Amino acid sequence: MPRQTFRLNGETVSVDVEDDVRLLWVLRDLLGVVGPKYGCGINVCKACTSHVNGRAFNPCAVPVGDLGPDDEVTTIEGLPATVGAELHPMQEAWLERDVAQCGYCQPGQIMAAVALVRKVQREGRAISDADLDGIRNICRCGTYTRIREAVRAGERRM
Amino acid sequence: MARPTTDQTHDAAGEAAGEGTSAGGDGVRRRTFLGFVLSGSTLVAAAPLGVGAAPASADGIPTVPQPPEILDLNDFLTLAGASTSNLISITINADGTASFALPRAEVGQGITTSTAMIIAEELDLPVDKVEVTLAPARPELLLNQLTGGSNTTISTYTPIRVAAAVARRALLEAASVQLGDAVDQLVVKLGGVIEAPDGRRVTYGELAGPAAAAQSRGVEVELAERTSHPVIGRPQNRIDALDAVTGRKQFTTDLQVPDALPTMVCRAPNLNGRALRVHNVAEVERMPGVTHVALMDFGVAVRARTFGQCIDAVRAVRADWDPGTVTGESDETVLARLQRDQLPLPSLPSLPLLRTVNADVTFYFRSNSAMDTNSAIADVRADEAEIWSGLKSPVIAQEQIAAAIGLPVSKVRVNVTQSGGSFGRRLFFDGAMEAALISKAMGVPVKLMWHRADDARAGRTHPMCTSKIRAAHVGGQVVAFQQSHASVETDFRHGLGEAITGFAADLPAGLGNLGFAETVFTLTQEMPYNFGAVLQTLTESDGRFNTGSMRNIYSPDVRAASELVVDRLAADMRRDPYQFRRAFSRNARVTAVLDRVAQAGRWGRAMEPGTAQGIAIHKEYKGASACLVEIDCRPATVGRQVRDAVTGPRVTKVVFAIDVGLAINPRGLEAQMQGGINDGIALALTSSLHLRDGHFLEASWDNYFYTRQWNTPPEVEVHVMPSNSPQPGGAGEAGVAATFAAVACAYARATGTMPTHFPVNHLDDLAFEPKSFEPPVPASPTNGLRLTY
């Protein structure tokens, strides 16, 4: 069985598993990193949204063998460390707005929001209503109103 | 027992629990209750869960009261629980915190937070010093461990307050011994400190041991009706919010139970098809990671090292299936059956000037799938078993699972886990039952997770139904309103049904003769208008589908159809829709919420062609709600392109007003309304399942179009109405019905059409390519690294 090596939340990890197992299951079932959630397994619900090399991605759609030893995967568990704080500003915004209901999709929502803000900042602009409309992460509790408020609040502090 | 002065009527349950009422010299109404200090090494204070159960009277004096005004579904659930005088208990710990195991399920609705608030207020503790967990199945609670009907706070508010008051009194008595001052000389300070007149202090933590009882004893405590609330009624963030945003909140599939490896089920291509034979067990067993394959009645179970390998194994299974329960059936054939079984509307008197308005509206199947798919962990051994699952009816689950695996109930521990959403879904324990049976068959622990495609296609649905309405008016008065609602059978066989069976004889007005569904319908449907002779009937006839009481059960559909007819009546009588509703409202609280949304939402403001406002009201669960929406049905909006999505009409603004009585946590209540608003929009515009040729086509979130960010209103305002009521009402479902109805009315006004079916896009061309039925789950994609942003 091949050995897979990549960076996870700031540390190098190695795990023995077949190349084609999707990263979501390597994280959840083998490494016990359960912040990224399963909601569809086909990259449409976005509940597993995490970051690879700073960009948002969905580990349910990435065979673990596609990752190299230098690829840095960040899950919700590793997000605060990217800013050297207890909580990332986006998590603080989420707490202030009390966004979560059941909470199941929220790690993915937060990771998507952080990537979205970084993207518009790279493009030298601010979050627009169209950007918010374009967030694909589904929330079956319907927390969209507070998500929109929190993304804007988090943006102001990033 | 003194006759209460305000809203309490005869209170048999309260008497049984030793409750009395008095008005003190200061005019503050007090009620005495019997609680207990239970034996233990630390202070454990308890109260019977049925205490304080009393039907509240209606606000007005209607001429012909409808059943929900005498006894609604919530009174029913509360009374059903009252008979089982079993205890809930609050423990005071040595670190000064209080802990409580709530015999209900937290599924996102916020009851752990509101419960912590109730305890914090009674004990003068900060909310973060109160830990609320979920109790495992407690068989002695019988019917009183069911989470449904927005009933949790209504039924647990007084018992929790009584237990907390018992704890407070025991702490004061222990402090009195330690400090040498009489109890009435002592002052409880915020934060769990008791202070003597000379300033000496002792903390709850220090008192927890001394206040403990060697032998359990009964304690009488007095609950004063509070004039001010330090905690209740103030916005409180969720107690699990930090865990949710850091990924630490644990759902069933996040739990690490030794050797409980990932397990999935390959299901039949047709709805409820049974597995007859597997052709390639050995081949599947040899696949990477796979440990076990088992032929079960409900499908072929596979267990593997990862869920990804389970998905591959499910896709590899080759099996024979029976044709299922609805082979060959489609939306049209099910609808034809409903229309055949629908009760005819009674004839109206022939008056010369009588005018009638008629409507026929169909509501297609909708998925009751939450984000966290159906899942359970089971470890079934020869002589005992343990289950973990998000369960709203764990007592029935425990009984039936024990019977199915051949163990006594006492040998089956059923743990209630936090759920990622429910909306009624987790009243059913089919996942837990399957996990237990698979664990028994394989002889190993399993962590069963349904694939999203299983949840969408084989999961619970809101049943298809159709409503025929006729309303008649003459001389400016509505003289009759008739609604005949016909539905595919709603499955209540999860505890609520058992509760109804047990209490049918106690129901008023001969309701006990009705079946489960008719009883729930009768106890929930209340026409909020003075419309003369009102008759609403339900027929349920087709039991072949997996259905459930999805968020707010009948009300969203029944009310949407009714409110569309109300708009038609107003138009026929040349009245403004808002003024018309106001004039015919039969309840002051309904009128108040209606006025609030009309004012805050600027009802009647000029709108562009193709856009419109809609307004609607709803009364249920001891609460009143109103919703005003604005919708944009202009072609440029309807035609917006978003990949793998349905756009269509956009609700651009929602103003919602809710009166639940005493709002324990207004911030949580607002959240529930915001969620209910998105549900209402989904029901009106985008969300449905298509039944074709014996199976549902939708298999995932790119097929089933629940409200998304591109559909959600950019502007949402929720108004929580002030209330003098001492009693809380239900919150979890109250946002859906009025929103659905308001969106329906706005859509009708914007397009100048009368919708005949919901969601309005259901009969359009499919917005997706159906995924395969064999294999029943889609392949896992591989292109994730090309889709980063």
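Cut-offs and rules
- Residues numbered from 1 in each chain as written.
- Chains lettered and ligands numbered in written order.
- Predicted model: local features only at pLDDT ≥ 70, side-chain atom pairs only at ≥ 80, totals over all residues.
- Helix = DSSP H or I, 4+ residues; strand = E, 2+ residues; numbered from the N terminus.
- Contact = placed C-beta atoms within 7 Å.
- Rg over C-alpha atoms; globule rule 2.2 N^0.38 Å.
- Buried ≥ 20, exposed ≤ 12 C-beta atoms within 10 Å, placed from the backbone.
- Nonpolar A, V, L, I, M, F, W, Y, C, P; charged D, E, K, R; others polar.
- Pairing = 2+ DSSP bridges.
- Axes fitted to C-alpha atoms, helices over the stretch in contact; angles between N-to-C directions.
- Parallel < 35°, antiparallel > 145°, perpendicular 65-115°, else oblique.
- Left-handed = near helix turned anticlockwise from the far one by under 90°.
- Expected span 1.5 Å × (residues − 1).
- Core = buried A, V, L, I, M, F, W, Y, C linked by C-beta atoms within 7 Å.
- Domains from an automatic or database assignment.

Asker: Now, about the overall build of chain B: what can you tell me, with residues and values included?
Answerer: Along the backbone of chain B there are 21 helices and 32 strands. Put simply, 80% of the contacts in chain B that link residues at least 6 apart link residues at least 24 apart.

Asker: Hey, could you go over the overall build of chain A for me, with residue numbers and the actual values?
Answerer: Counting secondary structure elements, chain A contains 5 helices and 5 strands. N-terminal to C-terminal, the α/β element order of chain A is β-β-α-β-β-β-α-α-α-α. For chain A, the C-alpha radius of gyration of 15 Å lies close to 15 Å, the compact-globule estimate for 158 residues. Looking at chain A as a whole, 59% of its 158 residues are labelled buried. In chain A, 61% of the contacts between residues at least 6 apart in sequence involve partners at least 24 apart.

Asker: Quick rundown of the interface of chain B and chain A? Include the residues and the values.
Answerer: A common way to express how large an interface is: the accessible area buried when the components associate. Counting residues at the interface gives 61 residues for chain B, matched by 59 residues for chain A. Those elements that provide at least two residues to the side of chain B that touches chain A are helix H7 (241-246), helix H9 (307-316) and helix H20 (666-685) of chain B. Its residues assigned to classes, the side of chain B that touches chain A comprises 24 nonpolar, 25 polar and 12 charged.

Asker: Could you give me a rundown of the sheet that holds strand E16 (residues 355-363) of chain B, with the residues and numbers involved?
Answerer: Residue and element names in this part refer to chain B. The sheet built from 5 strands is open, its strands ordered E25-E24-E23-E16-E32 with mixed pairing. Either end of the sheet is taken by a strand with one partner, and the two such strands are strand E25 (533-540) and strand E32 (757-758). Set on the sheet, helix H10 (residues 331-341) makes contact with E16, strand E23 (465-474), strand E24 (477-487) and E25; between it and E23 the angle comes to about 45°.

Asker: Give a detailed account of the sheet that holds strand E9 (residues 201-203) of chain B, specifying residues and quantitative values.
Answerer: Residue and element names in this part refer to chain B. An order of E7-E8-E9 is seen for the 3 strands of this open sheet, with the pairing classed as antiparallel. In this open sheet, the two edge strands, each paired with only one partner strand, are strand E7 (187-189) and E9. Between one strand and the next, the sheet's axes are offset by a mean angle of 30°, whatever the strand orientation.

Asker: An account of the packing of helix H11 (residues 394-405) of chain B against helix H12 (residues 430-442) of chain B is needed here, citing residue identities and associated values.
Answerer: All names here are of chain B. Remark: H11 packs on H12, axes separated minimally by 10 Å, with the N-to-C direction vectors making an angle of 25°. Considered as vectors, H11 and H12 are oriented roughly parallel to each other. Crossing handedness for the pair H11 and H12: right-handed. Residues Ala397, Gln400, Ile401, Ala404 and Ile405 of H11 touch H12, and the partners they reach there are Ala432, Met433, Ala436, Leu437 and Lys440. Tallied by class, the residues present in the contact of H11 with H12 amount to 8 nonpolar, 1 polar and 1 charged.

Asker: Kindly report on helix H3 (residues 106-122) of chain A, identifying the contributing residues and their values.
Answerer: Helix length check: H3 of chain A (17 residues) gives 24 Å between terminal C-alpha atoms against 24 Å at 1.5 Å per residue, within 8%. Within H3 of chain A the residues assigned to the buried category are Gln106, Pro107, Gly108, Gln109, Ile110, Met111, Ala112, Ala113, Val114, Leu116 and Val117 of chain A. Structurally, H3 of chain A contributes buried residues whose contacts are with strand E3 (50-52), strand E4 (55-57), helix H2 (89-97), helix H4 (129-133) and helix H5 (144-157) of chain A together with H7 of chain B.

Asker: Explain the environment of Gly134 of chain A residue by residue, including any values.
Answerer: All names here are of chain A. Within the secondary structure, Gly134 sits in the loop between H4 and H5. Taking the C-beta count within 10 Å as the criterion, Gly134 has 13 such neighbours and is therefore assigned partly exposed. Distance from Gly134 to Leu116, taken between C-alpha atoms, is 9.8 Å for residues 18 residues apart in sequence.

Asker: Can you tell me about the nonpolar core, naming the residues and giving the values?
Answerer: With 282 residues, the main nonpolar core has Val166, Val302 and Val743 of chain B as its most contacted residues. Leave out the neighbours within four places in its chain, and Val166 of chain B touches Gly35, Phe36, Val37, Ala45, Ala46, Ala47, Val219 and Val221 of chain B.

Asker: I'd love a proper account of the pairing of strand E11 (residues 261-266) of chain B, names of residues and values included.
Answerer: Residues and elements named next belong to chain B. With 6 of its 6 residues buried, E11 lies for the most part within the structure. Both E11 and strand E21 (residues 446-449) contribute to a ladder of 3 bridges, which runs parallel. Bridging across to E21, Thr263 finds its partner in Leu448. Inspection of the sheet shows E11 paired to strand E14 (residues 299-304) by 4 bridges, in the antiparallel sense. Following the sheet pairing, Cys266 is matched in E14 by Val300.

Asker: Tell me about H20 of chain B, and please be specific about residues and values.
Answerer: Taking 1.5 Å of rise per residue, 20 residues should cover 28 Å, and H20 of chain B covers 28 Å from first to last C-alpha, within 8% of that figure. Within H20 of chain B, 18 of the 20 residues are buried, which leaves it mostly tucked inside the rest of the structure.

Asker: Go over the domain arrangement of chain B with me, naming the residues and quoting the values.
Answerer: As far as domains go, chain B holds domain 1 (12-226), domain 2 (252-325 + 374-449) and domain 3 (331-367 + 460-758). Facing 16 residues of domain 1 of chain B, the contacting portion of domain 2 of chain B comprises 19 residues.

Asker: I'd like a description of the pairing of strand E3 (residues 44-48) of chain B, backed by residues and values.
Answerer: Residue and element names in this part refer to chain B. Counting buried positions along E3 yields 5 of 5 residues, so the element is predominantly enclosed. Judged by which residues are buried, E3 turns out to be covered on both faces: Val44, Ala46 and Pro48 on one side and Ala45 and Ala47 on the other are all buried. Judged from the 3 bridges that link them, strand E2 (residues 29-38) and E3 form a sheet pairing that is antiparallel. Bridged to Phe36 within E3 is Ala46. Counting the residues between successive antiparallel strands, the hairpin from E2 to E3 contains 5 residues.

Asker: Residues and numbers for the domain arrangement of chain A, please.
Answerer: All names here are of chain A. Domain annotation for chain A reports domain 1 (3-77) and domain 2 (81-157). The distance between the C-alpha centroids of domain 1 and domain 2 comes to 20 Å. Counting residues at the interface gives 17 residues for domain 1, matched by 13 residues for domain 2. Looking at the side of domain 1 that touches domain 2, its residues break down into 6 nonpolar, 8 polar and 3 charged.

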